[in-house]
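Chain residues, written in single-letter form:
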Amino acid sequence: MKLCVYIDHFQGDAVSASWEALGAARAFGQVSAVVLGTGLEGLIEAAFAFGADEVLAADDPALADFRPETYASTLSAILTDTAPDAVLLPSTTRTREVAAMCAIDLQSGVLTDATGLEAEGETLVVTRPIYEGKLFEKAACMARPQFITLRARAFARPAHQPGRHGEVRRYAAVGQPLTVVEGYAPGESGVSLADAGVIVSGGRGVTNHPAFGGDEAAAAREGFQLLGELAGVLGGAVGASRAVVDAGYIPYAHQVGQTGKVVSPDLYIAAGISGAIQHIVGIRSAKLVVAINKDPEAPIFQVARYGVVGDLFTFVPALTQAFKKKLGR
Ligand SMILES: Cc1cc2nc3c(=O)[nH]c(=O)nc-3n(C[C@H](O)[C@H](O)[C@H](O)COP(=O)(O)OP(=O)(O)OC[C@H]3O[C@@H](n4cnc5c(N)ncnc54)[C@H](O)[C@@H]3O)c2cc1C
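## Some remarks on the domain arrangement of the chain
In step 1: Domain annotation of the chain identifies domain 1 (2-170) and domain 2 (193-327).
In step 2: Between domain 1 and domain 2, the C-alpha centre-to-centre distance is 33 Å.
In step 3: Between domain 1 and domain 2, the residue contacts involve seven residues of the former and 13 residues of the latter.
In step 4: Buried area between domain 1 and domain 2, both sides added, is near 830 Å², and the carbon and sulfur share of it is 44%.
In step 5: Sorting the residues of domain 1 by area buried against domain 2 places E132, R151 and R153 first, and these three jointly supply 71% of that buried surface.
In step 6: One salt bridge in this structure joins R153 and D266, with 2.9 Å as the shortest N-O distance.
In step 7: Taken together, the connections running from domain 1 to domain 2 amount to five residue pairs in polar contact (both at pLDDT 80 or more).

Structure follows, in structure tokens:
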């Protein structure tokens, strides 16, 4: 099978799941990585190091900023030239737009958010969660190329092998941009929950500590400080339930769940989170869930592999100390 993998990036900084897509593709045949933008040499080198057999690159000032219209028409032209059986993309907001537009250009279909892939002859069959993760669907696109976006962290990241090389085929940008990017400003939070291997999340329980005499904001500051220390020792990120985001105790970028981020970490620690269905749908593909909650009846314990019935303000600092000792940090 002939596969293309689209390397999604922001100004040369690749979305880590692009490399996971490369690794997944290699199980099915020859893999060409597609990189679009400007100043692409670092990405081209990385694509070979992560397993690309060749790289299809459009390094063109017209592609300096991501705009779906130019990215999609350039990608469509490259795919028309190379005729792969399937195109794998990491699932991001950008790739959902690009994949949909290319599928219309090339009269094919898109399967989004795959968590599993298998080959049936020359066709890839996708497994993906539907209905908020209550069911897993198996689906295949019969047109060519099949466009498939892969959920971040659902596939293993391949080994990085510096020094691997191959052929680079160069393309020009196609199409006229219809929008102008005037600039970028940093967001309120640089947190990237989708890429995190460990997430330590806090819920309304962080607002509940008698030492603060009912001052929920002060308790939340202390609670998130403790969760941040634990996340720091584990090399992870801090997540949150909607209750504490809505209350303004932590920015929205940290929210996990139906109206926040869907995450797939190796370890998800839920502290002071009850386990409402809208939160659970965001963590269904976490590999290991640990819950810390004062209430032994909290629904979060039904999805947790390990549960601690206790006060997070007591247990989390003790856990941090234990990990510090164990990991020598
Ligand atoms: C359309 C819609 C979309 C939604 N989307 C999301 C979403 O994306 N993400 C999301 O999270 N929610 C979402 N919600 C909200 C969701 O229904 C819940 O209200 C929310 O998840 C509850 O947050 P919580 O678990 O932090 O708070 P609570 O349900 O109030 O739970 C707090 C928990 O903390 C425990 N606790 C209290 N003090 C301590 C302590 N000191 N130590 C340890 N444990 C303690 C309590 O026993 C309790 O279980 C959505 C709701 C709707 C209607």
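## So, the site of the ligand
In step 1: Around the ligand sit 26 residues, and of these R204, S241, T259, S274 and N293 come closest.
In step 2: One nitrogen or oxygen atom from the main chain of K294 is found 3.2 Å from a nitrogen atom belonging to the ligand.
In step 3: Residue L312 places a main-chain N or O atom 2.9 Å away from a nitrogen atom belonging to the ligand.
In step 4: If the ligand stood free it would expose 990 Å²; the protein chains cover 76% of that surface.
In step 5: Only α6 (242-246), α7 (277-280) and α8 (312-327) provide two or more residues apiece to the shell around the ligand.

Calculation rules
Residues numbered from 1 in each chain as written. Predicted model: local features only at pLDDT ≥ 70, side-chain atom pairs only at ≥ 80, totals over all residues. Heavy atoms only, no water. Domains from an automatic or database assignment. Contact = heavy atoms within 4.5 Å. Buried area = accessible area lost by both parts, 1.4 Å probe. Salt bridge = Lys/Arg side-chain N within 4 Å of Asp/Glu carboxyl O. Polar contact = N/O pair within 3.5 Å; in protein donor to acceptor, adjacent residues only side chain to side chain. Near = heavy atom within 4 Å. Areas by Shrake-Rupley, 256 points an atom, 1.4 Å probe, with all protein chains shown as cover. Helix = DSSP H or I, 4+ residues; strand = E, 2+ residues; numbered from the N terminus.

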